[in-house]
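Survey of secondary and tertiary structure
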Amino acid sequence: MAGTRYYVFKAARGWNIGYDGKEYPYKSNADAVMAAIKAANKTAALGLEAEVLVQGIDGKWRTEWSGG
């Protein structure tokens with residue numbers, strides 16, 4: 001899927017969402033994933049493709065949500 005991607009990954013202090021070259025911090029994985037899905041949903045509502053990818057403890061990325 002091409003389009004907007006939101007990356008959720010473990011950071012030194014909590015979890016971050018990586019989007020458009022910036023990082024946005026969250027206290028927990030659940031908070032970061034929920035915020036990323038909410039942002040991706042808004043992008044998809046505009047008719048654009050969006051995807052939320054979460055990095056696992058093995059370092060691999062998995063798609064948590066996609067739409068658009």
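Residues numbered from 1 in each chain as written. Predicted model: local features only at pLDDT ≥ 70, side-chain atom pairs only at ≥ 80, totals over all residues. Heavy atoms only, no water.

Take the nonpolar core next. Generally speaking, a soluble globular protein has its nonpolar side chains buried in company with each other. Counting residues in hydrophobic clusters, the biggest one holds 13 residues, and the most contacted among them are Tyr6, Val8, Ile17, Ala36, Ala40, Val52 and Trp65. Of all the secondary structure elements, the ones that give two or more residues to this core are strand E1 (4-11), strand E2 (14-19), helix H1 (29-45) and strand E4 (50-55). Of all the elements, H1 adds the most residues to this core, at five residues. Ignoring sequence-local partners within four residues, the contact set of alanine 36 consists of Tyr6, Val8, Ile17 and Val52. (Core = buried A, V, L, I, M, F, W, Y, C linked by side-chain atoms within 4.5 Å. Buried < 20%, exposed > 50% of the residue type's maximum accessible area, 1.4 Å probe, protein only. Helix = DSSP H or I, 4+ residues; strand = E, 2+ residues; numbered from the N terminus. Contact = heavy atoms within 4.5 Å.)

Moving on: the sheet that holds strand E5 (residues 61-67). Strand order in the open sheet formed by five strands is E3-E2-E1-E4-E5, and the pairing between neighbours is mixed. Only two strands of the sheet have a single neighbouring strand rather than two, namely strand E3 (22-26) and E5. Ignoring which end each strand starts from, the neighbouring axes of this sheet average 25° apart. Sheet analysis places E4 next to E5, joined by six bridges and oriented antiparallel. (Pairing = 2+ DSSP bridges. Axes fitted to C-alpha atoms, helices over the stretch in contact; angles between N-to-C directions.)

As a further point, take the pairing of E1. Strand direction decides the pairing type here: E1 and E4, joined by five bridges, are parallel. Directly across from tyrosine 7, in E4, lies its bridge partner leucine 53. Two elements, E1 and E2, share five bridges in a ladder whose sense is antiparallel. Note that in E2 the partner of phenylalanine 9 across the bridge is asparagine 16. Taking the residues that link successive antiparallel strands as the turn, the E1-E2 hairpin has two residues.

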